[in-house]
Amino acid sequence: MLQKLLIFISSIRWQDFIDIAFNSYILFRLYALFRGTDAFRVLVGIALLWILQRMAMSMGLILTSWMMEGIIAVAALIVIVVFRIEIRSVFRARNIWAILWGLPRKPMKTPVEIITESVFNLAKRRIGALMVLPGKEDLEEFVQQGIPWDGRVSAEMIESIFWPNNPVHDGAAVIDGNRVLEVGVILPLSHRKDLPSVYGTRHRAAAGLSETTDAMVIVVSEERGAITITRGFDVLTIDGKKQLVNALREHLGIRENQSRFLKRRKIELRIAALVSLLIVSGVWFSISRGLDAIKTFDIPVEYANQKPGMELLNTSATSVRLFLQGSRALLKSIRPEQIRVKMDLDKAVAGANTFSITNKNLSIPPGLSLKEVRPMVVDVNMDTRIKKSFPIQADWVGKLSSGLILVRAKTEPSKVELIGPKTILEGMRTLYTTRIPLNSIKGSGKMDVKLVIPSAFLPVLILKRVETGFKDTVEVAYEVSKRK
Amino acid sequence: MKRIWNKRKSLCLFFAVLFCFAPGVHGADGDKAGEGSPPEKPPRLTLKKAVLCEGLKELAPVNETILFSVALGGVTCFTAFDPVPKKTVVFHSWFKRDQPKKKIKLTLKPPKWSSFSKIRIRNMDVGPWRVEIADSEGKIFKTLRFSVTE
């Protein structure tokens, strides 16, 4: 067992460590950037669906597996469309460093106490007010006609905005962090039937926005001087300052004990990092180290690095069949072009050579191992390279007109020189032209004809032909006379 | 098959011998060739003429060609040597596409000598051929190339 573990550890390459670390970090960053958002929760849901789908597939539940696959595909699209605002808000206004390294945090601390004080002052004076504290969602699509304000939050400023003579006092003020971003904002009205009859337009506007977004809205009633907050579908009447402060802190994510909160957050992030590492390691292991399947590949053998002056004559195998073992998913994704079988001929001598095909000859994607190779050995016949000159002979076919006689024929050039394997070239004495039909010949003339290279030697000779700049067309001049 | 080849070989030799004794084929003044000339260099066997022809008429080649139809029945290789310093032999080696098919031995006698060999051709012989004229040591005087056609 221990030996197996040691073998496994020793088989892990440094590239695998980088692979796991890189993907773990990406997963961790996705968590850090999207945690707490609805998009993240949906993504977790999709991940669970994927796990279920894999389980269904391994159990042979074909229909369930297909259905899950379809749901995942649709859900992935829906996430992008529905949560585009959340996704955009994560990547917007952040530099690349913040995306890669920084942790999400509220850029500015909202002055909860000042807001609470102002709200109660307004209530006391029966001045109606509507304050929006956005959550993580962008409100741009839901509100209208806001006037940019961009002023630092202070009790005086808030009170002056909602002062009855102020032209913008009827609209809502949007407070983000320690700044009043917009005033005179028109909010969407709620169509709920269950709201108390005492609630006027201001309350309906507050409920309308909080129903459609994650914003919290504070309403100060002009008639009753009552303070109400709306968040989601909740409408809560505020009785004391502490209640409002708590509600604001909860909405804004401000903890009383900040250091304890930070400590908890640190632990949470460490756990997230560890979980990311475990998930990615698990996925990596199942993909690259799982040995649950074997697939065969027919791969052409590359012969290379023969000694100078040596020529490859023929081989017993031009391709081999590889039985590769690995995870089903990895094997499914492998294309034959990603696998290479290369035989090094630098040690080959003239004559017959036999080479075993081992792992050294293979280039296979990481995560796969060679189970079997057929054939296990290849025979390679090598030969020394020589140069030889060949006379060219025309190969006439057909019938010449009965009244004519072909006196002589001459080719230009009369000889060609080829470089190639000694065994082949020594057995050859003549190079012939392609067949020249006699039927059409009526008198003396010339024609260009191609040379015939014996098919068995074609690859080698063509190579040499290119090297020597040899053309495979010759001119045949022929002399015809009348039969006496 | 072997018997047919032997028969053919005998026929060729018979023609060759007959041809050698015919008047006019080797001149009566052959012995005079070297008379009066300085004996600096010993004369060497020299091929004066080598042709392929459809046949012989009055012991001279008829219809010199490089193309022989199977219908013709045979191919004749005519060779004339001058001088022939001493009695010797030459060979007519016939090849079809580099494959040896027949080797005919011809005897030459001084002072000059003409001789020929003939092979029969059939449908299976269609293709490019060559005949090599060589001395007893294998030195090739000349290679004649021809085609056998339908």
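Owing to the predicted nature of the structure, the values given are computational and were not obtained by experimental measurement. (Residues numbered from 1 in each chain as written. Chains lettered and ligands numbered in written order. Predicted model: local features only at pLDDT ≥ 70, side-chain atom pairs only at ≥ 80, totals over all residues. Heavy atoms only, no water.)

Caption draft 1: Local environment of the overall build of chain B. The helix and strand tally for chain B stands at 1 helix and 9 strands. For chain B, the α and β elements follow one another from N to C terminus as α-β-β-β-β-β-β-β-β-β. Of all 150 residues assigned to chain B, the portion counted as buried reaches 47%. Taking as baseline every contact in chain B between residues at least 6 positions apart, the subset at least 24 positions apart corresponds to 62%. Total accessible area on chain B stands at roughly 8400 Å², and carbon and sulfur atoms take up 55% of it. (Helix = DSSP H or I, 4+ residues; strand = E, 2+ residues; numbered from the N terminus. Buried < 20%, exposed > 50% of the residue type's maximum accessible area, 1.4 Å probe, protein only. Contact = heavy atoms within 4.5 Å. Areas by Shrake-Rupley, 256 points an atom, 1.4 Å probe, with all protein chains shown as cover.)

Caption draft 2: Main features of the overall build of chain A. Along chain A, the regular secondary structure elements total 14 helices and 20 strands. For chain A, restricting intrachain contacts to residue pairs at least 6 apart in sequence, the fraction spanning at least 24 positions comes to 73%. Total accessible area computed for chain A in this model is approximately 28400 Å², and 60% of it derives from carbon and sulfur atoms.

Caption draft 3: Geometry of the pairing of strand 1 (residues 47–57) of chain B. All names here are of chain B. Here 6 bridges tie strand 1 to strand 4 (residues 74–81), and the two strands are oriented antiparallel to one another. In the strand pairing of strand 4, L52 is matched with C77. Taken together, the 4 bridges between strand 1 and strand 2 (residues 60–64) define a ladder with antiparallel strand orientation. Bridge pairing in strand 2 places L56 opposite P61. (Pairing = 2+ DSSP bridges.)

Caption draft 4: Focus on the interface of chain B and chain A. Contacts between the two partners involve 17 residues from chain B and, on the opposite side, 21 residues from chain A. Across the chain B to chain A interface the summed buried area is about 1600 Å²; carbon plus sulfur atoms make up 47%. A salt bridge links A:D395 to B:R97, with the shortest nitrogen-to-oxygen separation between them at 2.8 Å. Our enumeration of links across chain B and chain A arrives at 12 residue pairs in polar contact (both at pLDDT 80 or more). At the level of secondary structure, the elements contributing two or more residues to the side of chain B that touches chain A comprise strand 2, strand 8 (127–135) and strand 9 (140–149) of chain B. (Buried area = accessible area lost by both parts, 1.4 Å probe. Salt bridge = Lys/Arg side-chain N within 4 Å of Asp/Glu carboxyl O. Polar contact = N/O pair within 3.5 Å; in protein donor to acceptor, adjacent residues only side chain to side chain.)

Caption draft 5: Here's a closer look at helix 7 (residues 112–124) of chain A. All names here are of chain A. In this model, helix 7 (13 residues) spans 18 Å end to end at C-alpha, consistent with the 18 Å of a helix rising 1.5 Å per residue. Turning to helix 7, its buried residues are V112, I115, T116, S118, V119, F120, L122 and A123. Taken from the residues just after helix 7, R126 is the one with a positive phi, measuring 60 degrees. (Expected span 1.5 Å × (residues − 1).)

Caption draft 6: Geometry of the state of the cysteines. Residue and element names in this part refer to chain B. In the structure shown here, the tally under the stated rule is 0 disulfides over all chains. Between C53, a free cysteine, and C77, which holds the nearest cysteine sulfur, the sulfur-to-sulfur gap is 8.0 Å. Taking the relative accessible area as the measure of exposure, C77 reaches 0% and is therefore buried. (Disulfide = S-S within 2.5 Å.)

Caption draft 7: Layout of unusual backbone geometry. The peptide bond linking A:R374 to A:P375 adopts the cis configuration, its omega dihedral lying at -5 degrees. Positionally, A:P375 belongs in the loop between strand 14 (369–374) and strand 15 (377–397). For the bond running from B:D82 to B:P83, omega is 5 degrees, close enough to zero to count as cis. Along the chain, B:P83 falls in the loop between strand 4 and strand 5 (88–96).

Caption draft 8: Local environment of the environment of A:S118. Residues and elements named next belong to chain A. Looking at where S118 falls in the secondary structure, it is placed in helix 7. For the pair S118 and M157, spaced 39 residues apart in sequence, the C-alpha separation works out to 9.0 Å. If sequence neighbours within four positions are ignored, S118 has contacts with S154, A155, I158 and E159.

Caption draft 9: Structural context of the nonpolar core. Grouped together as the largest cluster of nonpolar side chains are 49 residues, with contacts concentrated most on A:W396, A:L406, B:L52, B:W94 and B:F146. Among residues more than four places away in sequence, those in contact with B:L52 are B:N63, B:E64, B:T65, B:F68, B:V75, B:T76, B:C77, B:W94, B:V131, B:L144, B:R145 and B:F146. One finds A:V119, A:A129, A:M131 and A:I238 within the second-largest nonpolar core, a separate group that totals 32 residues. (Core = buried A, V, L, I, M, F, W, Y, C linked by side-chain atoms within 4.5 Å.)

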